[in-house]
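# Commentary on secondary and tertiary structure
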Amino acid sequence: MSIDYYQLLFLRIALVAVLYLVVLQIVFVARREMRMEAKAATQGTPTRARQVVGHLVVVDKGSTQLNDGDAYDIEAITTLGRELTNSVPIDSDFVSGAHARILYDEADGALWVEDLGSRNGTYVDGRKLNERDRVQIDTGSLLQIGDARFKVDIARAVVGYLRVLDRGSTQLQNGARYPIYRVLTIGRGPANNIPLESPRVSAAHARITFEPRDSTLWVQDLESRNGTFVDGRKIATPVAVSPGSELLIGDTRFQFLPPDMK
């Protein structure tokens with residue numbers, strides 16, 4: 001009788017172990033497929049300029065892999081979490097896979113943040129959000145995800161435009177205009193604000209930054225392979241530009257326009 005009891009116990013334990021392994025396999029396959037779908041979507045979608053409405057600036061990286069001072073684009077929908085499929089992936093045990101989401105309301109230009117049922121919560125200016133609670137954020141707001149803290153910087157207005165004078169070998173269209181907010185990046189990688197599909201362009205090629213103190217636009221080369229040219233001159237350090245200045249990236253030429261020239 002005791003033998004039958006132990007045999008039954010062993011069979012139950014074995015069954016639980018098998019079920020546990022099956023569940024793990026399902027979770028592993030599902031997560032792998034999600035990553036593959038996200039990658040395929042990124043590669044398969046025609047490249048276009050993204051609408052950037054602000055930035056998240058890291059003020060305290062905590063235990064994460066982030067760097068203090070780094071800025072991450074805020075788009076119409078921006079997700080934060082531990083999973084690599086998030087807009088801002090944060091590698092930390094304090095951060096949930098899908099932790100929080102920022103939403104942009106185009107009607108009134110407002111930004112809203114909501115917690116996605118995270119384990120450790122989302123904080124805005126020191127206040128913990130309730131699950132699915134949506135709170136408006138503004139320039140200067142402090143957003144805490146796990147033990148990482150970000151400062152919100154909203155691009156309130158367009159500070160200029162880049163017009164395509166000669167698209168070269170890229171997929172851009174001559175005459176197309178791209179708005180410039182606080183920061184605009186150009187390069188071959190799809191994460192850039194203006195992605196250029198050309199072997200002559202580096203993945204992270206150049207960056208344009210607006211300095212609000214004197215309302216100046218600066219162009220910086222990001223150690224690209226073929227260089228960045230402003231008005232025909234290859235630049236080694238950040239250079240101030242003004243309306244009418246020309247920018248050459250690879251074989252694509254742009255011209256800077258003032259914000260009131262649409």
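Sequence positions are assigned chain by chain, starting from 1 and proceeding in written order. The model is predicted, so local features are restricted to residues of pLDDT at least 70 and side-chain atom pairs to those at 80 or more, both for listing and for counting; the totals for chains, interfaces and linings are taken over all residues. With hydrogens and water set aside, each side-chain value is computed from the structure's full complement of heavy atoms.

Glancing now at unusual backbone geometry. At aspartate 125, a residue that is not glycine, the phi angle is positive and equals roughly 55°. As for its position among the elements, aspartate 125 is in the loop between β7 (122-124) and β8 (127-128). Given the relative accessible area of 52%, aspartate 125 is considered exposed. Phi at aspartate 231 is positive, roughly 50°, even though this residue is not glycine. Under the scheme used here, helices are H or I runs from DSSP no shorter than 4 residues and strands are E runs no shorter than 2 residues, and both carry numbers assigned from the N terminus. Within the fold, aspartate 231 resides in the loop between β18 (228-230) and β19 (233-234). Burial status follows relative accessibility: with a 1.4 Å probe on protein chains alone, a residue under 20% of its type maximum counts as buried, one over 50% as exposed, and anything between as partly exposed. A relative accessible area of 52% means that aspartate 231 is categorised as exposed.

Right, let's get into the confidence of the model for the protein. Across the protein, the average pLDDT comes to 86, with 87% of residues at 70 or higher. Scored from 0 to 100, pLDDT reflects the predictor's confidence in each residue. We call two residues contacting when some pair of their heavy atoms lies within 4.5 Å. The model gives residues 39-47 a pLDDT under 50, and that stretch makes four contacts with residues more than four places away or in other chains.

Ordered by their spatial adjacency, six strands build an open sheet running β13-β12-β22-β21-β18-β19, and the pairing between neighbours is antiparallel. Of all strands in the sheet, those with a lone pairing partner are β13 (177-180) and β19, marking the two edges. Here, a strand pair is defined by DSSP locating no fewer than two bridges between the strands. Pairing of strand β12 (residues 160-166) with β13, which is carried by four bridges, proceeds in the antiparallel orientation. Residue pairing in the sheet places glycine 160 in a bridge with isoleucine 180 of β13.

Once that is clear, we can look at the nonpolar core. If you look at soluble globular proteins, the nonpolar side chains tend to sit buried side by side. Among buried residues, those of type Ala, Val, Leu, Ile, Met, Phe, Trp, Tyr and Cys that are joined through side-chain atoms within 4.5 Å constitute a nonpolar core. One finds Leu162, Ile186, Ile208, Leu247 and Phe256 to be the most contacted residues of the largest nonpolar core, which totals 24 residues. Looking at this core, the elements that each hand over two or more residues are β12, β13, β14 (183-187), β16 (206-211), β17 (216-221), β20 (239-241), β21 (246-249) and β22 (252-257). No other element matches β16, which puts three residues into this core. Here isoleucine 186 is in contact with Leu162, Asn192, Ile194, Leu196, Ala204, His205, Ala206, Ile208, Leu247 and Ile249, once residues within four sequence places are set aside. In this structure, Val95, Ala100, Ile102 and Val124 belong to the second largest nonpolar core, which totals 23 residues.

So, on to the pairing of β21. With burial as the criterion, only one face of β21 is covered, namely that bearing Leu247 and Ile249; the residues Glu246 and Leu248 on the opposite face remain uncovered. Bridge count for β18 against β21 is three bridges, and the pairing is antiparallel. Counted as the bridge partner of valine 230 is leucine 247 from β21. For β21 and β22, the ladder comprises four bridges, and the chain directions are antiparallel. Its bridge partner lying in β22, leucine 248 is registered against arginine 253. What sits between β21 and β22 in their antiparallel hairpin is a turn of two residues, with glycine 250 showing a positive phi close to 65°.

Before going further, it helps to spend a moment on the pattern of salt bridges. Should a side-chain nitrogen of Lys or Arg be within 4 Å of a carboxyl oxygen of Asp or Glu, the pair is scored as a salt bridge. Using the criterion set out here, one finds five salt bridges in the structure. For arginine 200, the salt bridge identified is with aspartate 251, shortest N-O distance 3.2 Å. Of this pair, arginine 200 sits in the loop between β15 (194-195) and β16 while aspartate 251 sits in the loop between β21 and β22, placing them 51 residues apart in sequence. Accessibility expressed as a relative area gives 46% for arginine 200, which makes it partly exposed. Residue classification places aspartate 251 among the buried positions, given a relative accessible area of 18%. Each of Arg101, Glu114 and Arg134 takes part in salt bridges that share partners, so that together they form one network.

Time to look at a nonpolar patch on the surface. On the surface, a cluster of nonpolar side chains totalling about 320 Å² of accessible area is made up of Tyr6, Leu9 and Ile13. Positionally, isoleucine 13 belongs in helix α1 (residues 2-44). For patches, a residue must show more than 30% relative accessible area and have no salt bridge; joins then use 9 Å for like charges and 5 Å for nonpolar side chains, namely Val, Leu, Ile, Met, Phe, Trp and Tyr. Method for areas: the Shrake-Rupley scheme with a 1.4 Å probe, in which residue coverage is limited to the protein chains shown.

Let's shift gears to the sheet that holds strand β10 (residues 142-145). Taken in spatial order, the six strands line up as β2-β1-β11-β10-β7-β8 in an open sheet, and their pairing is antiparallel. Strands at the two margins of the open sheet, each flanked by one partner only, are β2 (71-74) and β8. Both β7 and β10 contribute to a ladder of three bridges, which runs antiparallel. Within β10, the residue paired with threonine 122 across the bridge is isoleucine 145.

Below, the discussion takes up the environment of aspartate 138. Structurally, the position occupied by aspartate 138 is in the loop between β9 (134-137) and β10. In this structure the C-alpha to C-alpha distance between aspartate 138 and leucine 111, which are 27 residues apart in sequence, comes to 6.9 Å.

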